[in-house]
Amino acid sequence: MSLHVIQALVLRYLFLYTRSPMRLIELIFWPVVELVIWGYLTLFIQENTTGDFPRIIVFLLGAMILWDVIFRAQQGVAISFLEDVWTRNLLNVFVAPVRTVEYLAATFCVGFLRILVTVTVLGLVAGLMYAFNIFTLGWALLPFFMNLMVSGWALGMISTALILRWGQAAESLAWAVPFFIQPFIAVFYPVSAIKPEWVQTISWALPPTHVFEGMREVLKTGVFAWDKFFWAAGLNIIFLTAAGMVFFYMLTLTRRRGLLTKFATQ
Amino acid sequence: MPSPIPSEVILEARDLTREFDGVKALDKFSLKLHRGQVLGLLGANGAGKTTAMNCMLGLTLPTSGGLYAFGKELQSHRIEILRRANFSSAYTALPANLLVWQNLLVFAKIYRVPKPKERIAELLEMMEITHLHKRVTGQLSAGESTRVNLCKALLNKPELLLLDEPTASLDPDIADKVRKIVLRIRSELNCGILYTSHNMKDIEEVCDHLMFLHKGKVVMEGTPKDIVERSSSSTLEDVFIKIARDGEIVDETAKKEEVAP
Ligand SMILES: Nc1ncnc2c1ncn2[C@@H]1O[C@H](COP(=O)(O)OP(=O)(O)O)[C@@H](O)[C@H]1O
Ligand SMILES: [Mg+2]
């Protein structure tokens, strides 16, 4: 791995974002819209329901922000690849001395930068509008974010691998893939709410589930669940490795079929 | 302009075959490119020129055969080789929404060009497009973007340069400029250049050595002058049309050789 190649590729994405304000707006607009809508809805429900409901807004806002960490990291990887396809730049990159790991590392960095932007904005909006302090999660925030980011990277590589496999027609997978697992990873509800019960086994096998359960635990009890953290981290290592293998396999397959160049020149 | 002394072979393909769904886009294709040589790949649409080039760049894996650059096997030394090589094609583009200098700077950094800003300025001047420096890449005309692509391809002073139809869609004036530039590059960098084109003028003016491809096979090779003589045609264009239509050409020399023993 060489750092200057990764830097150069990240520089390219930074140029891209500064050159096209729409991309920045996209980074901020949808998450804020969602946060505002779901925030109001939860407040409304809370006010009109009797019973012990005080935490639901906190859970929901926390969940939304954390979900966006996965989504942005995944997008960083998948959209960065698509940007190269759209701009017909893929060939230039692949005939340059860029190792696949360096290319991936650059997209990981882009994912990280996207998270920083989105989470900062969402944190501010949630704080201003609902007096939700994202730092209620305290220092637990960092390990959560790290874990979700890694899950997002893995999903990003899977998305890209699928696009490599099925071609540009499958482009929308870049947005869809995270939502394939969203119902199972207990973002907005606890695992116990997932029925039938055997599906819960699937849930526990996915790394983000442990993060979202852990988040609720911290918010409820103020205690950081180490076991959940280690489960998430361990599963993430497996997921990232597996996703990386799938990506490399697809890339080789694409080369063997001679389809890489078709992608690049469409 | 035949190259007088055979120099170091910098790119070699041995019996390269590439099949797509049972159809051979390349069929036992062999080639040797020397340092300082401009080798032209000529052939009708679908003859296999781009496939050959893509294999040489490691973008497409050959079904069988060997590929070597600078004396090293391509796949196992790909990054090392790509550092000393570069590529430009009429069919790729640099990111459209970036400015010209931004695109060139990114690639200069990837190729680890020393003093990137100076190198970029030098190349823009050589291509006579210094004024495009701050323009949006996507808004350039075909001729302008071809020259920007060529700048990208020269950033790292490549020893091996692959150009896939660099003059496609250019007007005669710009095409002429591009040809002059290619010749200038060759003498300044002493690099080997592999050049594909449909344009006979290109080939006659630029290439020392020609290979005619038809359905993935080399059907004729030699210097442009040589080829015209051997096929008893009056122009290269004649040869091209004969090969494209019939897939075969009567090679007078080959005939004599056959008869000789
Ligand atoms: N990825 C691919 N899948 C299937 N067929 C291909 C692919 N790439 C090239 N071909 C076929 O290989 C042949 C040679 O194509 P190409 O190398 O692009 O020709 P040229 O560049 O000489 O015009 C053509 O018949 C083309 O249809
Ligand atoms: Mg071609």
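Residues numbered from 1 in each chain as written. Chains lettered and ligands numbered in written order. Predicted model: local features only at pLDDT ≥ 70, side-chain atom pairs only at ≥ 80, totals over all residues. Heavy atoms only, no water.

Things to note about the packing of aromatic side chains
The condition that has to hold: For this analysis, a ring pair means two rings from Phe, Tyr or Trp (six-membered ring only for Trp) whose centres lie within 6.5 Å, classed as stacked if their planes differ by under 30 degrees, edge-to-face if by over 60, and tilted for the remaining angles. Accessibility here uses a 1.4 Å probe with only protein chains present; expressed as a share of the type maximum, an area under 20% marks a residue as buried, one over 50% as exposed, and anything in between as partly exposed. Each helix corresponds to a stretch of at least 4 residues labelled H or I by DSSP, and each strand to a stretch of at least 2 residues labelled E; elements are numbered beginning at the N terminus. We count a charge as sitting over a ring when the NZ of a lysine or the CZ of an arginine lies within 6 Å of the ring centre and within 35 degrees of the ring normal.
On inspection of all chains with the given rule, the structure shows 15 aromatic pairs over all chains. Taking 4.9 Å as the distance between ring centres and 75 degrees as the angle between the ring planes, the aromatic pair formed by A:F29 and A:W30 counts as edge-to-face. Here A:F29 falls in the partly exposed class, since its relative accessible area comes to 41%. Judged by its relative accessible area of 52%, A:W30 falls in the exposed class. On the numbers, 6.4 Å between centres and 55 degrees between planes, the contact of B:F212 with B:F240 is tilted. Pair noted here: B:F212 is in strand β9 (residues 209-214) and B:F240 is in helix α9 (residues 236-246), with a separation of 28 residues, a long-range link. By relative accessible area, B:F212 is classed as buried at 0%. Note on B:F240: relative accessible area 15%, which makes it buried. Site record: aromatic cluster; members linked through ring pairs are A:F144, A:F224, A:W226, A:F229 and A:F230. A cation sits over an aromatic face here: B:R84 above B:F70, 3.8 Å from the ring centre. Over the aromatic face of B:F107 sits the side chain of B:K152, whose NZ or CZ is 5.7 Å from the ring centroid.

Details of the layout of surface pockets
Counted only if it meets this: Here a cavity denotes a set of grid points, spaced 1 Å apart and computed over the protein atoms alone, in which a 1.4 Å probe fits but from which it cannot get out, and a pocket denotes an open set meeting protein on both sides within 12 Å along at least five of seven lines; residues with an atom within 4 Å of a point are reported as lining. Grid points are joined across faces, edges and corners, and a volume is the space filled by probe spheres set on the points. Asp, Glu, Lys and Arg are counted as charged, while Ala, Val, Leu, Ile, Met, Phe, Trp, Tyr, Cys and Pro are counted as nonpolar; the rest, among them Gly, fall into the polar class.
Of the pockets and cavities examined, the largest pocket occupies roughly 480 Å³. What lines the largest pocket is a set of 22 residues, among which A:K262, B:T50, B:T51, B:N54 and B:D164 lie closest to the centre. Going through the elements one at a time, α11 (260-265) of chain A together with α1 (49-56) and β6 (85-89) of chain B are the ones with two or more residues in the lining of the largest pocket. A class-by-class count of the residues in the lining of the largest pocket yields six nonpolar, twelve polar and four charged. Computed from the structure, the second largest pocket encloses a volume of approximately 300 Å³. Contributing to the lining of the second largest pocket are 15 residues, with A:I115, A:L116, A:V119, A:L142 and A:F145 lying nearest its centre.

Comments concerning the interface of chain B and chain A
Definition in use: Here, two residues are considered to be in contact whenever any of their heavy atoms come within 4.5 Å of each other. Summed over both partners, the accessible area (1.4 Å probe) lost when two parts come together is defined as the buried area. In the sections that follow, a salt bridge refers to a side-chain nitrogen of Lys or Arg positioned within 4 Å of a carboxyl oxygen of Asp or Glu. In protein, a polar contact means a hydrogen-donor-capable atom and an acceptor-capable atom, both N or O and within 3.5 Å, with residues adjacent in sequence counting only if both atoms are side-chain atoms; elsewhere, any N or O pair within 3.5 Å suffices.
Facing 33 residues of chain B, the contacting portion of chain A comprises 31 residues. Both sides together, the interface formed by chain B and chain A hides about 3000 Å², and carbon and sulfur atoms give 63% of it. Among the residues chain B hides against chain A, the three largest losses belong to B:L59, B:N97 and B:I110. Together they make up 21% of the total. Joining chain B to chain A, the criterion identifies zero salt bridges. Scanning the region where chain B abuts chain A turns up ten residue pairs in polar contact (both at pLDDT 80 or more). Elements with a minimum of two residues in the side of chain B that touches chain A: β1 (9-20), α2 (78-83) and α3 (100-110) of chain B.

Some thoughts on the pairing of strand β10 (residues 217-222) of chain B
Residue and element names in this part refer to chain B. Keep this limit in mind: When DSSP finds two or more bridges between two strands, those strands count as paired.
Pairing of β9 with β10, which is carried by five bridges, proceeds in the antiparallel orientation. Each bridged residue has a counterpart across the sheet, and for L210 the counterpart in β10 is G222. Adjacent in sequence and paired antiparallel, β9 and β10 are bridged by two residues, among which K215 carries a positive phi angle near 45 degrees.

A few points about the confidence of the model for chain B
A low pLDDT means the predicted coordinates there should not be read in detail. All names here are of chain B. To be explicit about the condition: A residue's pLDDT is the confidence the predictor assigns to it, expressed on a 0 to 100 scale.
Here chain B shows a mean pLDDT of 89. Residues at 70 or above account for 92%. Put simply, helix α10 (residues 252-259) is where chain B has its lowest mean pLDDT, 51, and α3 is where it has its highest, 97. Confidence drops under a pLDDT of 50 for residues 255-261, and excluding neighbours within four residues, the segment shows one contact in the predicted structure. Interface confidence for the predicted complex, given as ipTM, is 0.87, next to a pTM of 0.89.

Concerning the pattern of salt bridges
Scanning the model with the defined rule gives 24 salt bridges over all chains in all. A single network of salt bridges, built from pairs that share partners, joins B:D176, B:R179, B:K180, B:K201, B:D202 and B:E205.

A look at the confidence of the model for chain A
Taken over all residues, the pLDDT of chain A has a mean of 89, while the share at 70 or more is 95%. In the model of chain A, α11(A) stands out as the element of lowest mean pLDDT, 73, in contrast to helix α8 (residues 199-205) of chain A, which has the highest, 96.

Quick notes on empty space enclosed by the protein
Counted according to the given criterion, the structure contains three cavities of 30 Å³ or more. Lining of the largest cavity is provided by A:V93, A:F94, A:V98, A:R99, A:T100, A:Y103, A:R255 and B:R78. Contributions of two or more residues to the lining of the largest cavity are made by α4 (90-94) and α5 (100-130) of chain A. Of the residues in the lining of the largest cavity, the class split is four nonpolar, one polar and three charged. Quantified by volume, the second largest cavity comes out at close to 50 Å³. A:L164, A:R165, A:M250, A:L253, A:T254, A:R257 and A:L259 are the residues that line the second largest cavity. Contributing elements (two or more residues each) for the lining of the second largest cavity: α6 (141-166) and α10 (226-257) of chain A. Top element by residues in the lining of the second largest cavity is α10(A). It accounts for four residues. Looking at side-chain class alone, the lining of the second largest cavity contains four nonpolar, one polar and two charged residues.

A closer look at the site of ligand 1
Quick reminder of the rule: By convention in this text, a residue qualifies as near a molecule or strand provided that one of its non-hydrogen atoms is within 4 Å of it. Here the accessible surface of atoms and residues is derived via Shrake-Rupley with a 1.4 Å probe, and residues count as covered only by protein chains that are part of the display. Should more than half of a molecule's atoms lie within 2 Å of a pocket's or cavity's grid points, that molecule is taken to sit in it.
Residues in contact with ligand 1 amount to 14 residues; listed here are only the nearest, B:G46, B:G48, B:K49, B:T50 and B:T51. At ligand 1, the nearby residues belong to more than one chain, namely chains A and B. At a separation of 3.0 Å, a nitrogen atom of ligand 1 approaches a polar backbone atom of A:G258. Between ligand 1 and the protein, one listed contact pairs an oxygen atom with a side-chain N or O atom of B:T51 at 2.5 Å. Its free accessible area being 560 Å², ligand 1 has 69% of it covered by the protein chains. Judged by its atoms lying within 2 Å of the grid points, ligand 1 is housed in the largest pocket. Looking at the shell around ligand 1, the element that brings in the most residues is α1(B), giving three residues. In the shell around ligand 1, the residues fall into five nonpolar, six polar and three charged.

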